[in-house]
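The primary structure of each chain is shown beneath.
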Amino acid sequence: MLETNIDDMKGEIYSYLTEKLLGVGVLDVYMTPIMMKKTRPANMLSVICKDKDREKIEEIIFKETTTFGIRSYEVDRSILERKMEVKKTMYGDILVKGGYYKGEKIKTSLEYEEGKKIAIKNKIPLKDVYEAIK
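Residues numbered from 1 in each chain as written. Predicted model: local features only at pLDDT ≥ 70, side-chain atom pairs only at ≥ 80, totals over all residues. Heavy atoms only, no water.

(A) Fine view of the sheet that holds strand β3 (residues 40-48). Across the sheet, four strands lie side by side as β2-β3-β1-β4; this open sheet has antiparallel pairing. Here the strands that pair on one side only, and so sit at the sheet edges, are β2 (28-36) and β4 (71-72). For strand β1 (residues 2-6) and β4, the ladder comprises two bridges, and the chain directions are antiparallel. Bridging across to β4, Glu3 finds its partner in Arg71. Strands in contact with helix α2 (residues 54-64) are β1, β3 and β4; relative to β1, the strand with the most contacts, it is inclined by about 10°. (Pairing = 2+ DSSP bridges. Helix = DSSP H or I, 4+ residues; strand = E, 2+ residues; numbered from the N terminus. Contact = heavy atoms within 4.5 Å. Axes fitted to C-alpha atoms, helices over the stretch in contact; angles between N-to-C directions.)

(B) Local environment of the sheet that holds strand β5 (residues 81-89). Ordered in space as β5-β6-β7, the three strands form an open sheet in which the pairing is antiparallel. For this open sheet the edge positions go to β5 and β7 (104-110), each flanked by a neighbour on one side alone. The average undirected angle you get between the axes of adjacent strands in this sheet is 40°. Direction of pairing for β5 relative to strand β6 (residues 92-101): antiparallel, over a ladder of nine bridges. Paired with Lys83 across the strands is Gly98, a residue of β6. Across the face of the sheet, helix α3 (residues 112-122) comes into contact with β6 and β7 while running at roughly 160° to β6.

(C) Structural context of the packing of aromatic side chains. This structure, assessed with the given rule, holds zero aromatic pairs. Over the face of the ring belonging to Tyr100 we find Lys83, whose NZ or CZ atom lies 4.7 Å from the ring centre. (Phe/Tyr/Trp six-rings, centres within 6.5 Å; stacked < 30°, edge-to-face > 60°. Lys NZ or Arg CZ within 6 Å of the ring centre and 35° of its normal.)

(D) Spotlight on the pattern of salt bridges. For the structure shown, the criterion picks out 14 salt bridges. Put simply, Lys105 and Glu85 hold a salt bridge, and the shortest N to O gap is 2.8 Å. Here the residue Lys105 occupies a position in strand β7, and Glu85 occupies one in strand β5, the gap between them amounting to 20 residues. Relative accessible area serves as the criterion here: at 17%, Glu85 is assigned to the buried category. Here Lys117 ties to Glu114 by a salt bridge, and the two come within 3.3 Å at their closest N and O atoms. You can see Lys117 and its partner Glu114 sitting in helix α3, three residues apart, about one turn around the helix. Of the residues examined, Glu114 reaches a relative accessible area of 14% and is grouped as buried. A single salt-bridge network, built from bridges that share partners, covers Lys52, Asp53 and Lys56. (Salt bridge = Lys/Arg side-chain N within 4 Å of Asp/Glu carboxyl O. Buried < 20%, exposed > 50% of the residue type's maximum accessible area, 1.4 Å probe, protein only.)

Below is the structure:
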């Protein structure tokens, strides 16, 4: 886990930074609103990455943000087995992600880009595509 608190950066940079970090294979990236000393509003940038990628990720964070320091610590992750599957719906076949725990399917999730594509193609609200896979 790499983390840094940022209180002096334009908001648009966060979106660019997130895309760049995801593009180099980080496992997760997110921002948490926080209050720093003297009650200054800020964001804590959190990045989960593989240890082998740490130096590359730190370089991106240092070059692309206003931060002067990055904290790091090890974290464990538990993840479900994932399988891409086709779900038949009234809007046609939709590619979904199945989540399996100890071999048992416990959830189905629509990938945003897939849902967006189906919604645009069928001229329907995105929420209707999410409902169709239930």
